[in-house]
Amino acid sequence: MRRVKWLFILYFIFMCKLSLAQQPDYLLKENSVWTFGRTYYNISPNYLVGGGMGLNFNTTPPTVIPSFAAGYGVAQASVCDTNGNLLFYTEGTHVFNAQGKLMPHGDSLVADTALYKYEGPNFDSTNIDPTSGCSQGALIIPVVGEVNKYYVFSHSSYEYYSNPTYGKVHYGELFYSIIDMSLNNGAGDVTTRGVFLDSSLDESMIAVAGTHCDVWVLVHLSNVPVIKAFHVTASGVDAVPVISNCGNFQYSYGSPGSMKVSPDRKRLVVCSFMGGVELCNFDPATGVASNARGLSNNDADTTNKPVTTYFSYQACFSPDNTKLYVNTSNTVYYGYILQFDLNDTTLQTTSIVNMDASVSQTDVQLAPDGKIYFFHHDFSTDADVAIDCIENPNLPTPACNYKPYAIGLYPGSVVYMGLHNMYVKPLRGTVTYVGHPDTGICAPGMDSIALYAPAGYNHYIWSTGSTAPVLYASNTATFILRSDNSCDVRYDTFSVKKVNDVFSLGPDSVYCTQSVVLSVPVQNAQYLWQDGSTASSYKVYTSGTYSVVVSELGCVHADTVQIGINDVQQALGDDTTLCSNDRAIQLTLNANVPAGGQVMWNTGSVIPTITAGAGTYWVTVTDGACVGTDTISIYAQNCNCKATVPDAFTPNGDGKNDVLHTLFENGCPVSEYVMRIYNRWGNMVFYSNDLNNGWDGTYHGVPADAGTYMYELQFILGTNKGNTLHKKGDVVLVR
């Protein structure tokens, strides 16, 4: 049973650890639903050109769904819960809940109202926002360490018009807001809007998970090759970014562009619409970008005339980080998806994925199914008409398997350039293991015990499946609790035992013995007797009051007993034989008589000590209800009797002196008798351990030669083994 319990514990921890190992961003369930599409455009005020749509990657293949995405359709971001259910989406200016309804306070995330007055005579200043035309104008990440709270980063487009009548000249500006999905009955509300962070940016904005429960929000300056990384931690958004001077993009190239990070978070790709593509190293521990290298597009330039001048708009890494896919197009927006082999350190190995030049400016995005998606453009109608797919992006062309028209548009929807800006969340922080002391449910009187989760965490799961912060345990078991706060994780182990240690030392008693042992019938506990001893038993020698306190897992029980000791046990000793040696023997016998006790010998004596001779004696001692008795027998024997061996014997069969014997006095006690006889050459001719068995003068059944022989005797006289005697001598065999 114990082995089964620990196997369960190990399995629970193993499964929880699996959940700790965060997947690459594109595989997060939070990226399961994309929303995109454009609802209005810059032709005339309030002219709606279509509806938005989305892709649900919870199904295979992904399912097209409707959405109410606002704006131009370029900036797109959405987020799901950890089960893949859509929570909300945004184009950077407005926030819509999962039902497509505008979230409370979600109508103006960009606080600078001047930015809503887009330059140009045909724009609708009521509806059109300053972020939806930005390549990566919307981004969602979690509020670190909080549940149900999210940051929305809003990035306004870089705009410049020389005619001042068209409105205010402005550059790319960065803001953030906070969404709390626990409000509005779980439909969400905007609690903080339009916190300004930076300006003079191009249209790039992505998030990258750091190394310890943090996120970097990366943007790119519009006029210099500088990447800024804003650090987002449990303390909030650090307004002072990490600055990396990386790359060669210049102001004159124009500001539209984008960035993407590789799934392993080690490389960035930076696209400038008129400046080309650069690959940088990235350190998620510091937020620093470095080692920018330009990527060549000569293959497309030289083999696909008349496309001569290319604009690089969006790019995407393959799941295994070995390939880079870049959207590049010419001045009339005919374009291709190029594949770069990143195993080539020169970055010169390129190939064209879609030889039909069927793309214009389009996002190129890695999806939760491991495939890469982008828009298919119909140049005859100048519209995006479907979604193309690269089904095996880890493989080189053509094995990467480009599939045009892989997904049709949702009926009535209009799409334009943007798909989904990847949601990322912090990597897990520290993992702590805490083992709690075993806890007892003290019976009787206690049915259960409350086990409390530690403070400072916002999500709990017990090994029972409960998610409450308190678990009530009522039986012997081991419980594991996993606590997390979207950053750090803690495992607590609680071992609970139902303890029923009620016991008794027995009734108050009188014992007619020298001592008695009091034992506690409870195992594996702590014991404390009245004198401070801590064993599970206690030996009592004197009358008195004795008590013990038993503690086990916080459960305490005690008992007290009165013990009387009336030691009337008698020990006169074993029966014994004494050497009389022709005189009377005397032995002192002592009775054990407690104070107040009475003694009676069979001799009639009533005193504790008598002197005894040979005979049988018994004594009885009485003290109250206690009676003790014993008996002893005393024997006398002669221990100094003599042993003799004849000097000669004549084994001639005349019946006289024919057998050699050892002769003892009458009544002499002899034991362990041995007789050996040797000839003159040292050979033993006779052996006997029987006192009555003597030598008849033969050797191997043949009469021995006449002559002198040596004998050796060994025996014990009496019962005392210390009285062992040895005797040697010669005997003459006469024929």
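Fair warning: this is a prediction, and the values are worked out from it, not measured in the lab.

Considering the overall build of the chain
- Scanning the chain from terminus to terminus reveals two helices and 54 strands.
- Out of the 735 residues belonging to the chain, those deemed buried represent 49%.
- Taking the contacts inside the chain whose residues are at least 6 apart along the sequence as the reference set, 54% of them involve residues at least 24 apart.
- Taken as a whole, the chain presents about 33,300 Å² of accessible surface, with 51% of it coming from carbon and sulfur.

Considerations on the sheet that holds strand S44 (residues 615-623)
- Ordered in space as S40-S45-S44-S42, the four strands form an open sheet in which the pairing is mixed. Both outer strands of the open sheet, strand S40 (576-579) and strand S42 (598-601), are each paired with one neighbouring strand and no more. Taking the axes of each pair of neighbouring strands and ignoring which way they run, one obtains an average angle of 25° across the sheet.
- Two strands pair when backbone bridges link them, and S40 and strand S45 (residues 626-637) are joined in this way by four bridges, in the parallel orientation. Of the residues in S45, the one forming a bridge with Leu578 is Ala636.

Remarks on the confidence of the model for the chain
- Per-chain confidence: the chain averages 85 in pLDDT, with 86% of residues scoring 70 or above.
- Per-element confidence in the chain is highest for strand S23 (residues 365-366), whose mean pLDDT is 98, and lowest for helix H2 (residues 298-303), whose mean pLDDT is 43.
- Scored below 50 in pLDDT, residues 1-9 shows four contacts in the model against residues more than four places distant or in partner chains.
- This model gives residues 14-20 a pLDDT under 50, and the stretch forms 10 contacts once residues within four places in sequence are excluded.

Some details on the state of the cysteines
- Throughout the structure, instances matching the rule amount to two disulfides.
- Between Cys442 and Cys555 runs a disulfide, and the two sulfur atoms are separated by 2.0 Å. On the sign convention where negative is left-handed, the bridge of Cys442 and Cys555, at about -90° about the S-S bond, is left-handed. With Cys442 in strand S28 (residues 439-442) and Cys555 in strand S39 (residues 555-565), this pair connects stretches of sequence that are 113 residues apart. Cys555 shares its class with Cys442; the two are buried.
- The residue that forms a disulfide with Cys512 is Cys626, at a sulfur-sulfur distance of 1.9 Å. Taking the sign of the torsion about the S-S bond as the criterion, the disulfide between Cys512 and Cys626, at about -70°, is left-handed. Of this pair, Cys512 sits in the loop between strand S34 (509-511) and strand S35 (516-519) while Cys626 sits in strand S45; the two residues are 114 residues apart in sequence, bridging distant segments of the chain.
- Just so you know, Cys246 is unpaired, no disulfide at all, and the nearest cysteine sulfur is the one on Cys280, 3.1 Å from it.
- Under the relative-accessibility criterion, Cys246 is labelled buried at 4%.

A closer look at unusual backbone geometry
- In this structure, the amide linkage connecting Thr397 to the following residue, Pro398, adopts the cis form with an omega of 0°.
- Its location among the elements puts Pro398 in the loop between strand S25 (383-390) and strand S26 (402-408).
- Residue Pro444 is bonded to the preceding Ala443 through a cis peptide linkage, with omega at -5°.
- Inspection of the secondary structure puts Pro444 in the loop between S28 and strand S29 (449-452).
- With a phi angle near 60°, His700 is a residue other than glycine that sits in the positive phi range.

Here's the deal with the environment of Ser154
- As for its placement among the helices and strands, Ser154 is situated in strand S8 (residues 149-155).
- By relative accessible area, Ser154 is classed as buried at 0%.
- C-alpha separation for the pair Ser154 and Ile140, spaced 14 residues apart in sequence, amounts to 9.1 Å.
- With residues up to four places along the chain from it excluded, the contact list for Ser154 reads Gly92, Leu109, Val110, Thr131, Gly137, Glu173, Leu174 and Phe175.
- Here Gly92 takes part through its backbone oxygen, which lies 2.4 Å from a polar atom of the side chain of Ser154.

Description of the nonpolar core
- Formed by 38 residues in total, the largest nonpolar core has its most connected members in Ile141, Tyr151, Phe153 and Val232.
- Residues contacting Phe153, with those up to four places away along its chain left out, are Gly137, Ala138, Leu139, Ile141, Leu174, Phe175, Tyr176, Leu197, Met205, Val217, Val232 and Val237.

Comments concerning the sheet that holds strand S4 (residues 77-80)
- The antiparallel open sheet is built from three strands, whose spatial order is S4-S5-S6. Of all strands in the sheet, those bounded by a partner on one side alone are S4 and strand S6 (95-97). For this sheet the average axis-to-axis angle between neighbouring strands, irrespective of direction, equals 15°.
- Pairing geometry for strand S5 (residues 86-90) and S6, over three bridges, is antiparallel. Counterpart to Phe88 in the pairing with S6 is Asn97.

Some details on the pattern of salt bridges
- By the definition in use, this model includes 10 salt bridges.
- Ionic pairing is found between Lys260 and Asp363, a salt bridge with its closest N-O pair at 3.2 Å. Of the two residues, Lys260 is situated in strand S15 (residues 257-261) and Asp363 in the loop between strand S22 (350-352) and S23; the sequence distance between them amounts to 103 residues. Per residue, the accessibility class of Lys260 equals that of Asp363, and both read buried.

Some thoughts on the side chain of Thr131
- Following the sequence through the fold, Thr131 ends up in the loop between S6 and strand S7 (138-142).
- For Thr131, a relative accessible area of 0% puts it in the buried group.
- A polar contact is formed between the side chain of Thr131 and the backbone oxygen of Glu91, at a distance of 2.8 Å.

Some words on the environment of Ser605
- Within the secondary structure, Ser605 sits in the loop between S42 and strand S43 (609-612).
- Expressed as a C-alpha distance, the spacing of Ser605 and Val619, which sit 14 residues apart in the sequence, is 9.2 Å.
- Not counting chain neighbours up to four residues away, the residues in contact with Ser605 comprise Val599, Met600 and Ile610.

Some remarks on the packing of aromatic side chains
- Within this structure, the stated rule accounts for 21 aromatic pairs.
- Geometrically, the ring pair formed by Trp695 and Tyr709 is edge-to-face, given 5.1 Å between the ring centres and 70° between the ring planes. One end of the pair, Trp695, is in the loop between strand S50 (684-688) and strand S51 (698-699); the other, Tyr709, is in strand S53 (residues 707-717), with 14 residues separating them in the sequence.
- For Trp695, a relative accessible area of 0% gives the class buried.
- Tyr709 sits in the buried class, given a relative accessible area of 7%.

Remarks on the environment of Trp34
- Secondary-structure assignment places Trp34 in strand S1 (residues 33-36).
- Excluding residues within four positions of it along the chain, Trp34 makes contact with Met53, Gly54, Leu55, Phe57, Ser78, Gln365, Leu366, Ala367, Pro368, Tyr373, Leu419 and His420.
- In terms of polar contacts, Trp34 uses its side chain to reach the backbone carbonyl oxygen of Asn31, at 3.3 Å.

The rules behind these values
- Residues numbered from 1 in each chain as written.
- Predicted model: local features only at pLDDT ≥ 70, side-chain atom pairs only at ≥ 80, totals over all residues.
- Heavy atoms only, no water.
- Helix = DSSP H or I, 4+ residues; strand = E, 2+ residues; numbered from the N terminus.
- Buried < 20%, exposed > 50% of the residue type's maximum accessible area, 1.4 Å probe, protein only.
- Contact = heavy atoms within 4.5 Å.
- Areas by Shrake-Rupley, 256 points an atom, 1.4 Å probe, with all protein chains shown as cover.
- Pairing = 2+ DSSP bridges.
- Axes fitted to C-alpha atoms, helices over the stretch in contact; angles between N-to-C directions.
- pLDDT = per-residue confidence, 0-100.
- Disulfide = S-S within 2.5 Å.
- Polar contact = N/O pair within 3.5 Å; in protein donor to acceptor, adjacent residues only side chain to side chain.
- Core = buried A, V, L, I, M, F, W, Y, C linked by side-chain atoms within 4.5 Å.
- Salt bridge = Lys/Arg side-chain N within 4 Å of Asp/Glu carboxyl O.
- Phe/Tyr/Trp six-rings, centres within 6.5 Å; stacked < 30°, edge-to-face > 60°.

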